[in-house]
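Below, each chain spelled out in residue letters.
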Amino acid sequence: ETISDFSLLFFYSNFFYPNMSLTDDERSKCQEAFRAFDKDSSGYIDRFELRVVLEAMGQKPSEEDLFRMISEVDEHNTGQIQFEEFVKVIEKQKAQQSMNDEADMIDAYVAMGGNADKTGHVDAERLIKVIKEEFQMTINIEELIKEIDTDGSGEIEYDEFKELLSAS
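Residues numbered from 1 in each chain as written. Predicted model: local features only at pLDDT ≥ 70, side-chain atom pairs only at ≥ 80, totals over all residues. Heavy atoms only, no water.

Peer 1: What is the right way to look at the overall build of the protein in this model?
Peer 2: Scanning the protein from N- to C-terminus turns up eight helices and four strands. Starting at the N terminus, the α and β elements of the protein follow one another as α-α-β-α-α-β-α-β-α-α-β-α. By residue count, 35% of the 168 residues in the protein fall in the buried class. Within the structure as shown, the protein displays about 10,100 Å² of accessible surface, and the carbon and sulfur contribution to it stands at 49%. (Helix = DSSP H or I, 4+ residues; strand = E, 2+ residues; numbered from the N terminus. Buried < 20%, exposed > 50% of the residue type's maximum accessible area, 1.4 Å probe, protein only. Areas by Shrake-Rupley, 256 points an atom, 1.4 Å probe, with all protein chains shown as cover.)

Now the structure itself:
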């Protein structure tokens, strides 16, 4: 069975991180990815299977890297990752990604003139200029701002900024 690009990306981008529950669909995709990596159908991913996965993704992990990756999630010290341990890794990554997304959003807000504590605002005209001139994006930013800036103030507060960037 060939490991799909989705499975590789799903596994790689979800390998380490505080818990967040998975949806039924995510858990199903987790099962699919786990089965793809468990080449010998043992119910475990061992360091040899992990090496194959990582090498297929262009990585060249050392034995130490493989040991560290497995030991970080191997609750039973078997040298292998069971499905439930794999799920915990994915849940941690999901939570970490959510925190990273929020931190990135705050960084962008601050860069545009807002405050790190989510107060303040971004000037709509400045945002339009950055989107069109600096990033040369062809989206209709004026229309998006008009939809989001419901009070018509020309000042984009954090929640509006977050909604705007999520919509584009």
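Peer 1: In this structure, what is going on with the side chain of Glu-160? I would like to understand it.
Peer 2: Tracing the backbone shows Glu-160 in helix H8 (residues 158-167). Despite being buried, Glu-160 has no salt bridge partner; Lys-162 is the closest side chain of opposite charge, sitting 14 Å away. Polar side-chain contacts of Glu-160 include one of 2.9 Å to the backbone nitrogen of Glu-157. (Lys, Arg positive; Asp, Glu negative; His and termini not counted. Salt bridge = Lys/Arg side-chain N within 4 Å of Asp/Glu carboxyl O. Polar contact = N/O pair within 3.5 Å; in protein donor to acceptor, adjacent residues only side chain to side chain.)

Peer 1: Would you mind showing me how to read the pattern of salt bridges here?
Peer 2: Close approach of charged atoms lets side chains of opposite charge pair. Scanning all chains against the criterion turns up six salt bridges. Across the pair Arg-68 and Asp-65 runs a salt bridge whose closest N-O atoms are separated by 4.0 Å. Of this pair, Arg-68 and Asp-65 both sit in helix H4 (residues 63-71), three residues apart, roughly one helical turn. Looking at Arg-68, the relative accessible area reads 36%, which means it is partly exposed. The network of salt bridges with common partners includes Arg-47, Arg-51 and Glu-63.

Peer 1: Would you mind going over the packing of aromatic side chains with me for this structure?
Peer 2: Taken as a whole and judged by the stated rule, the model has three aromatic pairs. Between Tyr-109 and Tyr-158 the ring centres are 5.2 Å apart and the planes differ by 85°, which places this aromatic pair in the edge-to-face class. One end of the pair, Tyr-109, is in helix H5 (residues 83-111); the other, Tyr-158, is in helix H8, with 49 residues separating them in the sequence. Residue Tyr-158 is classed as buried on the basis of its relative accessible area, which comes to 4%. Through successive ring pairs, a cluster of aromatic residues spans Tyr-109, Tyr-158 and Phe-161. (Phe/Tyr/Trp six-rings, centres within 6.5 Å; stacked < 30°, edge-to-face > 60°.)

Peer 1: Please clarify how the packing of helix H6 (residues 124-134) against helix H7 (residues 141-148) should be interpreted in this entry.
Peer 2: The axes of two packed helices give the description: the angle between them and the distance between them. For the pair H6 and H7, interaxial distance at closest approach is 10 Å and the crossing angle is 150°. Judged by the twist between their axes, the crossing of H6 over H7 is right-handed. Between H6 and H7, the residues in contact are Ala-124, Leu-127, Ile-128, Ile-131 and Lys-132 and Ile-141, Glu-142 and Ile-145, respectively. Per-class residue counts for the contact of H6 with H7 are six nonpolar, no polar and two charged. (Axes fitted to C-alpha atoms, helices over the stretch in contact; angles between N-to-C directions. Left-handed = near helix turned anticlockwise from the far one by under 90°. Contact = heavy atoms within 4.5 Å. Nonpolar A, V, L, I, M, F, W, Y, C, P; charged D, E, K, R; others polar.)

Peer 1: Sorry, what's going on with the confidence of the model for the protein here?
Peer 2: Any residue range with low pLDDT should be treated as having predicted coordinates unsuitable for detailed reading. In this model, the protein carries an average pLDDT of 78, and 80% of its residues clear a pLDDT of 70 or more. Taken together, the stretch residues 1-19 has pLDDT below 50 and engages in 57 contacts with residues farther than four places along the chain or on a different chain. (pLDDT = per-residue confidence, 0-100.)

Peer 1: I keep staring at the environment of Ile-145 and nothing clicks. Help me out?
Peer 2: As for its placement among the helices and strands, Ile-145 is situated in helix H7. Placed 18 residues apart in sequence, Ile-145 and Leu-127 show a C-alpha to C-alpha distance of 9.3 Å. In contact with Ile-145, not counting residues within four places along its chain, are Ala-124, Leu-127, Ile-128, Ile-156 and Leu-164.

Peer 1: How should unusual backbone geometry be read in this particular structure?
Peer 2: Where the residue is not glycine, phi is negative for most of them; where a peptide bond is considered, it is trans in most cases. One non-glycine residue with positive phi stands out, namely Asn-77, at about 50°. Asn-77 sits in the exposed class, given a relative accessible area of 70%. Positioned with a positive phi, Lys-118 is a non-glycine residue whose angle comes to about 75°. Examined against the element boundaries, Lys-118 turns out to sit in the loop between H5 and strand E3 (122-123).

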